[in-house]
Amino acid sequence: MPIQKNDLKDSLARHRQIKISVIGRKSGQTISIPVWFVLDEEKLYLLPVQGSDTQWYKNVLRNPQIRIDARGTEAGLQAVPVTDAKAVKSVVEKFREKYGMKDLKKYYSKFDVAVVVEVS
């Protein structure tokens, strides 16, 4: 039975970290990594820790199909890269509000891109 979008949103609302799975652009293999995220209404924002140099981000550019796993609640979704500087800044601000500037600066090294996923 497919999960309901509301189940996914409920699960996302309860967690600070999720696992995303992307298809490797060279290997074709599924690669899963834990990431931080921000859920805002119908949109799920992801911020690659090394910006455009992040491997999973490069994979998303090749194949935008990603799988989200919020502690057992899973969904296959379409990732959309965000490269506009103002839009990226807005995503960084959302992350700062959720996780705090100290942790953001500790774990993230480049803020030139983001990813948005519709969960509506």
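Keep in mind it's a predicted model, so treat the numbers as computed, not measured.

Basis of the calculations
Residues numbered from 1 in each chain as written. Predicted model: local features only at pLDDT ≥ 70, side-chain atom pairs only at ≥ 80, totals over all residues. Heavy atoms only, no water. Pairing = 2+ DSSP bridges. Helix = DSSP H or I, 4+ residues; strand = E, 2+ residues; numbered from the N terminus. Axes fitted to C-alpha atoms, helices over the stretch in contact; angles between N-to-C directions. Contact = heavy atoms within 4.5 Å. Expected span 1.5 Å × (residues − 1). Buried < 20%, exposed > 50% of the residue type's maximum accessible area, 1.4 Å probe, protein only. Arc of directions from axis to C-beta. Core = buried A, V, L, I, M, F, W, Y, C linked by side-chain atoms within 4.5 Å.

Draft legend 1. Seen up close, the sheet that holds strand β4 (residues 65-70). The strand order around the closed barrel built from six strands is β1-β2-β3-β6-β5-β4, with neighbouring strands paired in antiparallel fashion. Sheet twist, expressed as the mean angle between neighbouring strand axes with direction ignored, is 40°. Pairing between strand β1 (residues 17-23) and β4: three bridges, direction antiparallel. Opposite Ile20, over in β4, you have Ile68 as the bridge partner. Packed on one face of the sheet, helix α2 (residues 55-62) meets β1, β2 (30-40), β3 (43-46), β4, β5 (73-82) and β6 (114-118) and runs near 50° to β1. Here helix α3 (residues 85-99) sits on the sheet and contacts β2, β3, β5 and β6; the angle it forms with β2, its principal contact strand, is near 85°.

Draft legend 2. Region of interest: α3. Between its terminal C-alpha atoms α3 stretches 21 Å, which fits the 21 Å expected from 15 residues at 1.5 Å a residue. Here α3 has its buried residues at Val88, Val91, Val92, Lys94, Phe95 and Tyr99. Buried positions in α3, seen along its axis, are confined to an arc of 155° and lie on one side of it. The exposed set on the far side of α3, more than 90 degrees from its buried face, consists of Lys86, Lys89 and Glu97. Backbone geometry just downstream of α3 places Gly100 in the positive-phi region, at approximately 90°.

Draft legend 3. Structural view of the nonpolar core. Core analysis: the biggest nonpolar cluster contains 36 residues, and Ile18, Leu44, Leu46, Ile68 and Phe95 have the highest contact counts within it. Counting residues per element, this core draws most heavily on α3, which supplies five residues.

Draft legend 4. Expanded view of unusual backbone geometry. Within the chain, Glu41 stands out as a residue other than glycine whose phi angle is a positive 60°. Within the element layout of this structure, Glu41 appears in the loop between β2 and β3. Residue Glu41 is classed as exposed on the basis of its relative accessible area of 64%. Phi is positive for Arg71, which is not a glycine, with a value near 50°. By the secondary structure assignment, Arg71 is in the loop between β4 and β5.

Shape descriptors only; they carry no functional weight alone.
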